[in-house]
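Structural overview for review
Residues per chain are reported as follows:
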Amino acid sequence: MTTEEKTDSELLLEIKGLRIEGQTDDVWVQIVKGVDVTLNRGEILGLIGESGAGKSTIGLAAMGYAQPGCRISAGEIFFDGVDLRDLRHRERRAMRGIKIAYVAQSAAASFNPAHKLIDQFSETPVQHGVNTREEADADGIDLFTRLQMPNPDTIGFRYPHQVSGGQLQRAMTAMALSCRPDLIIFDEPTTALDVTTQIEVLVTIRDIVEQFNTAAIYITHDLAVVAQMADKITVLRYGEVVEEAATRLMLSDPQENYTKSLWAVRSFRKTADVPDLEPVPLCKVENVDAAYGDVPVLHDITFEIHKGYTVAIVGESGSGKSTAARVITGLLPPKQGQVFYKGEALPPDYRRRTKDQLRQVQMIYQMADTALNPRQRIRDIIGRPLTFYLGMKGKKKEARIRELLNMIELEPNDFIGRFPGELSGGQKQRLCIARALAAEPEFIICDEVTSALDQLVAEGILRLLDRLQQELSLAYMFITHDLATVRAIADRVIVMLQGKIVEQGSKLSVFSPPHHEYTELLLSSVPEMDPDWLDRTLEERKHLSIKSAGQ
Amino acid sequence: MGKILKLIGQRLAIGLLVLWIVSLIIFAGLEFLPGDLAQEILGQSATPESLAAFRKELGLDQPMHTRYLGWLGGALKGDFGVSLANQREISELIGIRFANTIFLAVLAAIISVPIALTLGILAALYRNSLYDRMVNILTLSSISFPEFFIAYILIYIFSVNLDIFPSLANVSADTPLWERIYTCLLPALTLTLVVVAHMMRMTRASIINLLASPYIEMANLKGMKKARVILYHALPNALAPIINVVAINLAYLIVGVVIVEVVFVYPGLGQLIVDSVQKRDMPVVQACSLIFAGTYVLLNLTADILSIITNPRMLYPK
C-alpha cells in the first residue's frame, strides 16, 4: 500500500498550525506547538514519536477533542471542508462516532465493564439514529465475522472481561466501524498485545481500511509496526514535527538526526563474551510445579542460571514467566520441586529464608513508578537496603549511596535529595536498579524492566545493565515478551508457553533453525522494519498451512 | 447462579454467628450493670428478704448461663419471654412498635433515597457548578445540625406557624394508611434531612471517580450525550459503593431514630428500648437489641448481594 497506488486522493483532513496547551499547577504549557497534518481519503498516516511527543493529543484533536486539562489554543482542523473548531459542542459531538471514530490503546480498559459488547457496539449507531437496534446488532455480527472473531454470532453477548485482549481489540475496531466513518484514529492499538496476537490485529486493521476505504491515523511508538501500516509517516518530538515523508522513503532515507537515532535503536548488542561456566549454577529451579490457589500455572519447570550469565525468559502474557520469578524469590512457594542457590536448597517461603538468602536475590520491576515509595527521598530508597542487609550507617552509608548513584549515572549532588516524582521514567528505572544493587546481590531478576519505556530510554537501561554485569559479574534472569530485547542482551534463552518450557538453550541455538514450532511462531511474529514484512509473513504462513493441510 | 446461592448461604451463616455473638455481648453487658429489676421496682427501702423473694419470683436468682440458655432457647422459637416490668408478652409488645418503626423508616427511605440519588447524579453531571455547590452546602448543613434541632425547626415552621402538619406523630394500630403517612411526614422529613447528605455525596463521589476512566472517554469519543455518559456508562459501575451507603443509612433509619421518636412522641422501638433500659427490663432490651442487630445484618447482606448482582464480573465468571 503506497501512495502511488491510490487513485482517490480527495483531501479529508487538514490540520494547520495546531497548538494545544495542557494545564499543570494552574499554568498552561504548550504540548503541541504548531503542527500541520494532511490526510487524503483512504490513506493511512503513521504518527510516531516517544511518549510525551504529543501523538495521542494530536490524534484526539483530529476529532476536535481535547482531554480534560487540555485545550486547543490555536490552529485550524478542517475535516471534510469544515473547521471542527468553528462548530458548536453539540455539532462536534454529532460527528464523533459517525464521521470520525477512535480505537484506544487498551481495549480492556476502554470497554465499559458493565455492558455486553454488542450493547456497546450498537450504542453509536442507535444513539446517533443511524440504525435501529436490530439492524445495528445484525451489522455487528457481520463485522465480527469479517474481522474473523471466534463465534461471531455469540461473542457480542459476552461481557468485556469474558473476552481476551486480542479479541477485545478487534471488537473495538468493529465498534469504530459501526457507522462506517471516514476517518479512524488508532491510538497504539497493538501496544498492549503479545506479538502473536499483534500480527493478527494488524492484518485485521489493514484489511478493513482497504475494504471500507477508510482513512486512518495510526499512532504508535513502534517503527516496525508503523512501517507495515502507513502510507506516510510523521515523526514527532516535543510536540513538533521533526520530519514527514512517504513510508518507504522515510525508512530508506531519513533526513533528521533524531529520526536516524530512532531507526538505530535496535542495533544494540551485548558486547562481552560469555564467561566460563562455573561447576555449580548460581540458581537452579528443579521440577517446579506452581499454582495460584487451584489454578495450575507452572508445570515441571527446570532451568539453571550461571554466574555472569543473562538468561532471558520469553513468552506471551500468562505463560508463567513472572510466576517463575515469584517462585525463585519465595513469594509463591511451589507445589512441587525446589529452588537451589549455589547448590543449597532455599526454603520455599521467603519468610523462612535468612536475611542473607534474601539479600542475594533482588528484583527490578516493570513499573518503576509503583515500585518506588513516592514519599521517600532517593537517599532513603537506596539507603534502606544498605542498613537492612549490610548494617551501614552514617557517613559510610552516605558515601555508598553516592557511589551507587554514580554507578547508575545519576549525579549524586543533584539527585540524592529528590523524590521519585521528580524523576523521568528512565531515571526511576535506574533508581530501581541502584536499589537492587545496594543489597550487593549476585543475581537480579529483571521483570519486563524496559517494557514501559521508550526505545531510546530502554536502550540506555540495557546498556547500563550490560555494563554493571561486566563490572560486577552479575547474573540476570531477564523476563520479557520483547524478542528484540532478548536478541540484544541474552546469553541463554528459555521459551515458555502455558506454564511449560518449550525450548531452552544458548541464544544462538534458540534463534537459529530448526526451531520449536512455537518459537518459530513467536520469532516470525516480530515485525521488522521492512514495509513488506507483513505481506511476506502472511504469504509464508499461507504456504505453510497449505503444505501441512496437504500432508 | 449456584455460586451466588452458595455465597448467600455463607453470608447468612456468618450473619447468624454475628447475631449469636451480639446476643452474648448484650446479655453480659446488661448483667454487669449495677442494680437489677427487683431493686428498681421495690426501691431503696426494700429489705434483703423481700428482694430475695422477688428475685426468686422473677427468676433472677438463677445463675447467668442458665438464664442465658433459657432465653436463647425461647428466642429461637420466637418467644422472647415476658416483660419483667409489666408481665406482657414481649413479642406482642415489640411487634406493634417494630411495625411502627419500620413504617417510619420505609417512609423516610422512599423520600430520601430517590432524592439523594437524583441530587448526587445531577451534582456529578454539573460538578463544580453553582448547583453542585448549593446542593453540597445545603445537605452538609442539614447533616451538621443535631436531629432534635432539625425536628424542632420543622415543627416550628410546619406545625406552629403554617399549621399544615401535626407536631405529634401519634399513631395506633387502626390508623388508616393515608392518615398515618400524613401524621408521620414531619418525622420522616427530619430523618430525610439527616440521611440525604451521606448518600448524595457518595453517589456524586463514586460517579466522579469514574469519569477519568478510559471507557468514559471512549463514550465521549463515540459522541454520547453527557447525561447518557453519566447514567449509562458511569452509574452502573458506581452502584456498589452507592448501594452500601444506602444500606447503612437504611439501617440507621431503623436503628438510630430514638431521638426523632422521642421528639415526635412516636410509638416506635427506639422509645421502648430507652424506657426498658431505665427500668432494667432486661428481656425487652435484649429482644430489641437482637432485632436491631438482625436488621443491620440483613441490610448489609442485601447490599452485598445487590453489589454482586450489579457487577457482571462477579455474576458471569470467565
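Since the model is a prediction, treat every value here as computed from it, not as a measurement. (Residues numbered from 1 in each chain as written. Chains lettered and ligands numbered in written order. Predicted model: local features only at pLDDT ≥ 70, side-chain atom pairs only at ≥ 80, totals over all residues. Heavy atoms only, no water.)

1. Examining empty space enclosed by the protein
In plain terms, the rule: Every definition here rests on a 1 Å grid over the protein atoms only: cavities are sets of points where a 1.4 Å probe fits but cannot get out, pockets are open sets enclosed by protein on both sides within 12 Å along at least five of seven lines, and lining residues have some atom within 4 Å of a point. Grid points are joined across faces, edges and corners, and a volume is the space filled by probe spheres set on the points. Here a helix means four or more residues in a row that DSSP labels H or I, a strand means two or more in a row labelled E, and each is numbered from the N terminus.
All told, the structure shown has 6 cavities of 30 Å³ or more when counted by the stated rule. Considered as a void within the structure, the largest cavity measures approximately 60 Å³ in volume. Together, A:Gly97, A:Ala101, A:Tyr102, A:Thr124, A:Met172, A:Met175, A:Ala176, B:Met218, B:Leu221 and B:Lys222 line the largest cavity. When residues of the lining of the largest cavity are traced back to their parent elements, those giving at least two are strand S6 (100-103) and helix H7 (165-177) of chain A together with helix H9 (214-221) of chain B. For the lining of the largest cavity, the leading source of residues is H7(A), giving 3 residues.

2. A closer look at the sheet that holds strand S4 (residues 70-79) of chain A
Residue and element names in this part refer to chain A. Our working rule: A pair of strands counts as paired when DSSP detects no fewer than two bridges linking them.
Pairing is antiparallel across the open sheet formed by 4 strands, whose spatial order is S2-S1-S4-S5. Strands at the two margins of the open sheet, each flanked by one partner only, are strand S2 (27-40) and strand S5 (82-83). Here strand S1 (residues 11-24) runs beside S4; their pairing, made up of 8 bridges, is antiparallel. Looking at S4, one finds that glutamate 14 is bridged to phenylalanine 78.

3. Here's the deal with the pairing of strand S8 (residues 215-220) of chain A
Residue and element names in this part refer to chain A. Cut-off, in case you're wondering: Relative accessibility thresholds used throughout: buried, under 20% of the residue-type maximum; exposed, over 50%; partly exposed, between the two (1.4 Å probe, protein chains only). With the strands pointing away from the viewer, any crossover whose connection runs clockwise from the first strand over the helix to the second is right-handed.
Counting buried positions along S8 yields 6 of 6 residues, so the element is predominantly enclosed. In this structure, strand S3 (residues 44-48) lies alongside S8, joined through 5 bridges in parallel fashion. If you follow leucine 47 over to S8, its bridge partner there is isoleucine 219. At this point the chain moves from strand S7 (residues 183-187), through helix H8 (residues 195-212), to the parallel S8, and the crossover so formed is right-handed.

4. Some remarks on the packing of aromatic side chains
Rule in force here: Stacked, edge-to-face and tilted are the three classes for Phe, Tyr and Trp ring pairs, Trp counted by its six-membered ring, which pair at centre distances within 6.5 Å; planes under 30 degrees apart are stacked, over 60 edge-to-face, the rest tilted. Charge over a ring is defined by NZ of Lys or CZ of Arg lying within 6 Å of the ring centre and within 35 degrees of the ring normal.
Overall, the coordinates contain 8 aromatic pairs over all chains when judged by the stated rule. Here the aromatic rings of A:Phe388 and A:Tyr389 are separated by 4.9 Å at their centres, their planes lie at 75 degrees, and the arrangement is edge-to-face. For A:Phe388, a relative accessible area of 32% gives the class partly exposed. Exposure remark for A:Tyr389: the relative accessible area of 22% places this residue in the partly exposed category. For the pair B:Phe165 and B:Tyr182, a centre-to-centre distance of 5.6 Å together with 45 degrees between the ring planes defines the contact as tilted. With B:Phe165 in the loop between helix H7 (147-161) and helix H8 (177-210) and B:Tyr182 in helix H8, this pair connects stretches of sequence that are 17 residues apart. The exposure class assigned to B:Tyr182 is partly exposed, which follows from its relative accessible area of 40%. One aromatic cluster is present, built from ring pairs that chain together B:Phe158, B:Phe165 and B:Tyr182. The ring of B:Phe103 is capped by B:Arg180, whose NZ or CZ atom sits 5.3 Å from the centre of that ring.

5. Re the layout of surface pockets
So the rule is basically this: Three categories are distinguished: nonpolar for Ala, Val, Leu, Ile, Met, Phe, Trp, Tyr, Cys and Pro, charged for Asp, Glu, Lys and Arg, and polar for the others, with Gly belonging to the last.
Considering only enclosed or pocket space, the second largest pocket measures out at about 700 Å³ in volume. Residue lining of the second largest pocket: 24 residues in total, with A:Tyr65, A:Pro68, B:Arg127, B:Asn220 and B:Lys226 positioned closest to the centre. Put simply, the parts of the chain that give the lining of the second largest pocket at least two residues each are helix H2 (89-95) of chain A together with helix H5 (90-125), H9 and helix H10 (226-255) of chain B. A total of 4 residues in the lining of the second largest pocket trace back to one element, the largest contributor, which is H9(B). In terms of residue class, the lining of the second largest pocket is built from 12 nonpolar, 5 polar and 7 charged.

6. Quick word on the interface of chain A and chain B
For clarity, the cut-off: Contacts between residues were defined by any pair of non-hydrogen atoms, one from each residue, lying within 4.5 Å. Note on definitions: buried area is the accessible-area loss of two parts on being combined, 1.4 Å probe, summed for both. By convention in these notes, a salt bridge is any Lys or Arg side-chain nitrogen within 4 Å of a carboxyl oxygen on Asp or Glu. Whenever a nitrogen or oxygen atom comes within 3.5 Å of another N or O atom, the pair is scored as a polar contact, on the condition that within protein one atom can donate a hydrogen and the other can accept it, and that pairs from neighbouring residues in sequence are kept only if both atoms are in side chains.
The interface is formed by 27 residues belonging to chain A together with 20 residues belonging to chain B. Counting the surface lost from both chain A and chain B, the interface buries some 2,400 Å², and carbon and sulfur atoms represent 57% of this. Summed over the three residues of chain A that lose the most area to chain B, namely A:Arg93, A:Glu123 and A:His161, the buried surface amounts to 26% of that side. Here B:Lys222 and A:Glu123 are joined by a salt bridge, their closest N and O atoms 3.0 Å apart. For the interface between chain A and chain B, the tally reads 12 residue pairs in polar contact (both at pLDDT 80 or more). Ranked by residues supplied to the side of chain A that touches chain B, first place goes to helix H4 (residues 117-127) of chain A with 5 residues. Of the residues contributing to the side of chain A that touches chain B, the split by class is 12 nonpolar, 11 polar and 4 charged.

7. Looking at the nonpolar core
Keep this limit in mind: What we call a nonpolar core is a set of buried Ala, Val, Leu, Ile, Met, Phe, Trp, Tyr and Cys residues that are connected through their side-chain atoms within 4.5 Å.
Core analysis: the biggest nonpolar cluster contains 85 residues, and A:Leu13, A:Leu18, A:Leu183, A:Ile185, A:Phe186 and A:Ile217 have the highest contact counts within it. Beyond its immediate sequence surroundings of up to four residues, A:Phe186 is in contact with A:Val103, A:Thr173, A:Ile205, A:Ile208, A:Val209, A:Ala216, A:Ile217, A:Tyr218 and A:Ile219.

8. Considerations on the confidence of the model for chain B
Quick reminder of the rule: Predictor confidence is given residue by residue as pLDDT, running from a minimum of 0 to a maximum of 100.
Looking at chain B as a whole, its pLDDT mean stands at 84, while 97% of the residues score no less than 70. When the elements of chain B are averaged for pLDDT, helix H2 (residues 37-42) of chain B gives the smallest value, 70, and H9(B) the largest, 92.

9. Re the confidence of the model for chain A
When the pLDDT values of chain A are averaged, the result is 88; 96% of them are 70 or greater. In the model, residues 1-7 of chain A has pLDDT below 50 throughout and makes 13 contacts with residues more than four positions away in sequence or in other chains.

10. A few points about the state of the cysteines
Residues and elements named next belong to chain B. Applied cut-off: Pairs of cysteine sulfur atoms within 2.5 Å are what we label disulfides.
This model, assessed by the stated rule, comprises 0 disulfides over all chains. With no disulfide partner, cysteine 184 has as its closest neighbouring cysteine sulfur the one in cysteine 288, 19 Å distant. Given a relative accessible area of 0%, cysteine 184 falls into the buried group. Among the residues examined, cysteine 288 registers a relative accessible area of 0% and is labelled buried.

11. Quick notes on the environment of B:Asn249
Residues and elements named next belong to chain B. Mapped onto the elements of the fold, asparagine 249 is located in helix H10. Among the residues examined, asparagine 249 registers a relative accessible area of 7% and is labelled buried. For the pair asparagine 249 and alanine 105, spaced 144 residues apart in the sequence, the C-alpha separation amounts to 10.0 Å. Sequence-distant contacts of asparagine 249, that is, excluding residues within four places in its chain, are made with Val195, His198 and Met199. There is a polar contact of 2.9 Å between the side chain of asparagine 249 and the backbone oxygen of valine 245.

12. As for the side chain of A:Arg353
Residues and elements named next belong to chain A. For clarity, the threshold we go by: Neither His nor the chain termini are counted; the positive set is Lys and Arg, and the negative set is Asp and Glu.
Here arginine 353 lies in the loop between strand S15 (344-345) and helix H13 (355-360). Aspartate 349 provides the closest opposite charge to the buried, unpaired arginine 353, separated from it by 7.2 Å. Separated by 2.8 Å, the side chain of arginine 353 and the backbone oxygen of isoleucine 328 make a polar contact. In contact with arginine 353, not counting residues within four places along its chain, are Val327, Ile328, Thr329, Gly330, Leu346, Pro347, Pro348 and Leu358.

13. So, the pairing of S3(A)
Burial of S3(A) is extensive: 5 of the 5 residues sit out of reach of the surface. Burial along S3(A) is two-sided: the face carrying A:Ile44, A:Gly46 and A:Ile48 and the face carrying A:Leu45 and A:Leu47 are both buried.

14. Section: the side chain of A:Glu243
Residues and elements named next belong to chain A. Assignment of secondary structure puts glutamate 243 in strand S10 (residues 240-246). For the buried glutamate 243, which has no salt bridge, the nearest side chain bearing the opposite charge is lysine 260, at an N-O separation of 7.9 Å. Within the structure, glutamate 243 has its side chain in polar contact with the backbone nitrogen of glutamate 256 (distance 3.1 Å). The residues contacting glutamate 243, other than those within four sequence positions of it, are Ile233, Thr234, Val235, Met250, Asp253, Pro254, Gln255, Glu256 and Thr259.

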